[in-house]
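Now for the letters of each chain:
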Amino acid sequence: MMFLQRLTLCLFVLLTTNVSASEKLNVLFIASDDMRPQLGCYGDTTVKSPNLDALAKRSLLFNHSYVQQALCSPSRIAMLSGCYPATTGIFEIGPALRSTMPDISTMPQYFKDHGYHTRSLGKIYHVGIDDDASWTIPAWHSKQPRVSEGTKQAVARMMKDAEAKGIEIPKRGIGSRNSAIPAFESVNCNDDDLLDGDTAKNAIAQLREHSKNPAQPFFLAVGFANPHVPWIAPKKYFDLYDPAKLPLAENEFLPQNAPDFAATSGTDFRWYNGVPQGDLPESYKRQCLQGYFAAISYIDAQVGRLMQALNETGLDKNTIVVFWTDHGYYMGEHTWWGAKHNNYEGATRNALMLAIPGMKTAGQKTQSLVQSVDLAPTLVDLCGLPAHHGFEGKSLTPILADPQANVNEAAYSWYPKSGYLGVAMRTQQWLYVEWTKPGEKTVSELYDAVRDPQNDFNLAGKPEHSQTIAALSKQLRKKFPVQGFKPTGDSTIR
Ligand SMILES: [Ca+2]
C-alpha cells in the first residue's frame, strides 16, 4: 500500500511538474495576517492585487479553504502542527504549542529533520509565541516600525506620561498602548521604511543566499503583519482607493435567529485611537475600508517583490510557493469591524494558493473543501518526504492534479465563547455549528452555505431542517467522537 502511495506521488510530481524526481523542491511559504480572500483573483473588483493575481495564474487557487480557528495564534498553530485545535488543545493567544504537545514534530521541524534549511521571517507563529525547534536558526523579526514615526513618538509620550503619573498602562482594552495608535494611517514613506517592506527585503536577501547554495533545499516562511489592524501603509497604497467609491457591506445586521453568544465578534478594533464607540459614521467606515484595502495592496506589492526575486534567481523552477492567510475578516458585515473571532464563514474562510513549478493546473480554481491542517501533509507529499503520521489533515495532491477531486467531506473550525466550545462543520451545502458547554443543552446553528454564504439566517430552529441537523450532528460526532473539549480560556475578545 505504502509503495503504491509513493509510486502514485512520484507519478503525480512527474506528470504535473518539470522537476526531476531526484531534485528536492524548496518551499516559499508566504503568510498574511487577517487578509480575507477579497482579491482580484478571488473575483473582487475593488481591491487592487495585481501581484497576487499574477501568483494565482501560476497556482491552483482554493476557493473553499478554511482555517481551524479564526484567531491568529490557534490558526497558525493548527496549520504549522498539522493538528486540529481539538488535538492541540490551544484555543487562545498565549499558550505555546509545546505547552500541550511537548514532543510534537511540526511541519517545518519535519522539513528540518529531513535536511531542509528552515527559517521564519516575520509573523509565522504568533509573535512572542515562537517554536525554536521548528527552525534551523531562531525566527527573525524586522526592527522597522509597524507604525509611522509620529505615531511611534505618540506611543512613547503616552508611556512616559503614564510613568510620570505612576499609572500602569493596561495590556489590553481602551487605554492600552493601542490607544495611541490610529486604526488607519497613510504614511509618506517607502515600503522598506515600515515593517512588512523590511520583511520582504530580508526575505529577498535570504532567497539570494539560498540560490548560491542549491545543494541544501529550504523551507522559507515569510509572514506579513498587514492587513491586521492598524492599517498602516505607505501613502501610495492609500492613493489607490477613493473612500467615496468603496462599497459598504449589505448585511449590517447580526445573523438572524443566532444564539447571542455565538453572534459576537472582537472588540479590539475599538481600542485604537480615534475609533468611535457604537455605530460608526459612514465616512469613517469608508476610511476604514480604504485603510484595509491599502494594507492589502501593500502586502500584494511585497509578494510581487518576492516573486520577482524568485524569478531572477531561477529559484522559481524548483520552489513551491504557498500563499496562505490566517483567517477571514469582517469589515462591516454583521456590524463587525476589524474582527474575526467566531465560527462563521466570514471568519473561517481564508485565502490559499499553491504554486508548483510547471503544474498543469496553474491558473485554475477549485471549489473543493480544504483546511489549513491539509497543508502539512500536502507539502511533505510534494517534496517527497516520508509520510508523517502525526498530521491530521489530508494531502491535497489529488486536487492539485484534478481541481474537481475531493479529499474532505467537510472542513472544521473551533471557537470558544461564553464557556461553550463551538465546532463548525462546513460541507458543500451547509455550515453546521454545534456548541457544547458542561451542564448546558447543546446549541446548534445551521446556515445554507449556497443560498446564504454570509450566514445571515440561522435555520436551526426550523422544524423542516431537524433531520438535516440530526444527520450533520451525527457526521460531526463521527469525525470528532470525543466531545470533552476543555477550552483553556475564553477567546471571545481576542
Ligand atoms: Ca490573524
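These figures come from a predicted structure and were not determined experimentally.

What am I meant to see in the coordination of the calcium ion here?
Ideal donor angles around a metal are set by the shape: a four-donor tetrahedron calls for 109.5 degrees, a six-donor octahedron for 90 or 180 degrees. Those donors, Asp-33 (OD), Asp-34 (OD), Cys-72 (SG), Asp-326 (OD), Asp-326 (OD) and His-327 (NE2), are the protein atoms that reach the calcium ion, and they lie 2.1 to 2.8 Å from it. Each of the six donor atoms bound to the calcium ion contributes to angles spanning 51 to 154 degrees, and the resulting shape is irregular.

Whenever I open this one, the sheet that holds strand β16 (residues 443-448) confuses me. Can you help?
Pairing between sheet strands relies on hydrogen bonds along the backbone, with the strands arranged either parallel or antiparallel. The strand order β13-β14-β15-β16 describes an open sheet built from four strands, whose pairing is antiparallel. Two strands close off the open sheet at either side, each with one partner strand: β13 (411-417) and β16. Strand after strand, the sheet turns through a mean of 15 degrees between neighbouring axes, direction not considered. Pairing analysis gives six bridges linking strand β15 (residues 430-436) to β16, with the strands arranged antiparallel. Along β16, the bridge assignment pairs Trp-435 with Val-443. Running at roughly 70 degrees to β15, helix α14 (residues 466-479) makes contact with β13, β14 (420-426), β15 and β16 of the sheet.

Would you mind going over the side chain of Thr-151 with me for this structure?
Considering the arrangement of structural elements, one finds Thr-151 in helix α7 (residues 149-165). In this structure Thr-151 comes out as buried when scored by relative accessible area, which is 5%. One polar contact links Thr-151 to Glu-185, side chain to side chain, over a distance of 2.8 Å. In this view, Thr-151 contacts Ala-180, Ile-181, Pro-182 and Glu-185; residues no more than four positions away in its chain are not counted.

Just checking my understanding: could you explain unusual backbone geometry for this structure?
The general pattern is negative phi for most residues beyond glycine and trans for most peptide bonds. Here Asn-226 and Pro-227 are connected by a cis peptide whose omega angle stands at 0 degrees. Take Pro-227: it is sitting in the loop between β5 (218-224) and β6 (231-234). Note the cis peptide between Val-229 and Pro-230, where omega equals 5 degrees. As for its position among the elements, Pro-230 is in the loop between β5 and β6. If you check the backbone angles, Asn-257 has positive phi at about 65 degrees while not being a glycine. Residue placement: Asn-257 occurs in the loop between α9 (235-238) and α10 (282-313). The backbone of His-334 sits at a positive phi, close to 60 degrees, despite the residue not being glycine. With respect to the helices and strands, the residue His-334 is situated in the loop between β8 (330-331) and β9 (337-339). Its relative accessible area of 0% is what places His-334 among the buried residues.

I'm lost on the pattern of salt bridges in this one. Help?
Between side chains of opposite charge, a pair can form when the charged atoms approach closely. Summed over the entire model, instances satisfying the criterion amount to 16 salt bridges. Note that Lys-236 and Asp-191 form a salt bridge whose closest N and O atoms lie 3.5 Å from each other. Residue Lys-236 is located in helix α9, and its partner Asp-191 is located in the loop between β4 (184-187) and α8 (195-212); the two are separated by 45 residues in the primary sequence. Residues joined by salt bridges that share partners form a network here, namely Asp-33, Arg-76, Lys-123 and Asp-326.

What is the right way to read the pairing of β15 from this model?
Working note: regular strand, side chains alternate between the two faces of the sheet. Taking burial as the measure, the seven residues of β15 include seven buried ones, the bulk of the element. In β15, alternate side chains face the same way, and those of Trp-430, Tyr-432, Glu-434 and Thr-436 on one face and Leu-431, Val-433 and Trp-435 on the other are all buried. Summarising the sheet, β14 and β15 pair through six bridges and their orientation is antiparallel. Bridging across to β15, Gly-422 finds its partner in Trp-435. The antiparallel pairing of β14 with β15 creates a hairpin that spans three residues between the two strands. Counting the residues in the hairpin turn of β15 and β16 gives six residues, including Gly-439, whose phi is positive at 80 degrees.

Would you mind showing me how to read the environment of Gln-302 here?
Relative to the elements of secondary structure, Gln-302 occurs in helix α10. Once the C-alpha coordinates of Gln-302 and Ile-169 are considered, the two residues, 133 residues apart in sequence, prove to be 34 Å apart. When neighbours within four sequence positions are excluded, Gln-302 is seen to be in contact with Asp-191, Asp-196, Gly-197, Ala-200, Phe-224 and Tyr-237.

Conventions used here
- Residues numbered from 1 in each chain as written.
- Predicted model: local features only at pLDDT ≥ 70, side-chain atom pairs only at ≥ 80, totals over all residues.
- Heavy atoms only, no water.
- Donors = N, O, S within 2.8 Å, 3.2 Å for Na, K, Ca; no water.
- Tetrahedral: all angles 85-135°; square planar, octahedral: opposite > 155°, others 65-115°.
- Pairing = 2+ DSSP bridges.
- Helix = DSSP H or I, 4+ residues; strand = E, 2+ residues; numbered from the N terminus.
- Axes fitted to C-alpha atoms, helices over the stretch in contact; angles between N-to-C directions.
- Contact = heavy atoms within 4.5 Å.
- Buried < 20%, exposed > 50% of the residue type's maximum accessible area, 1.4 Å probe, protein only.
- Polar contact = N/O pair within 3.5 Å; in protein donor to acceptor, adjacent residues only side chain to side chain.
- Salt bridge = Lys/Arg side-chain N within 4 Å of Asp/Glu carboxyl O.

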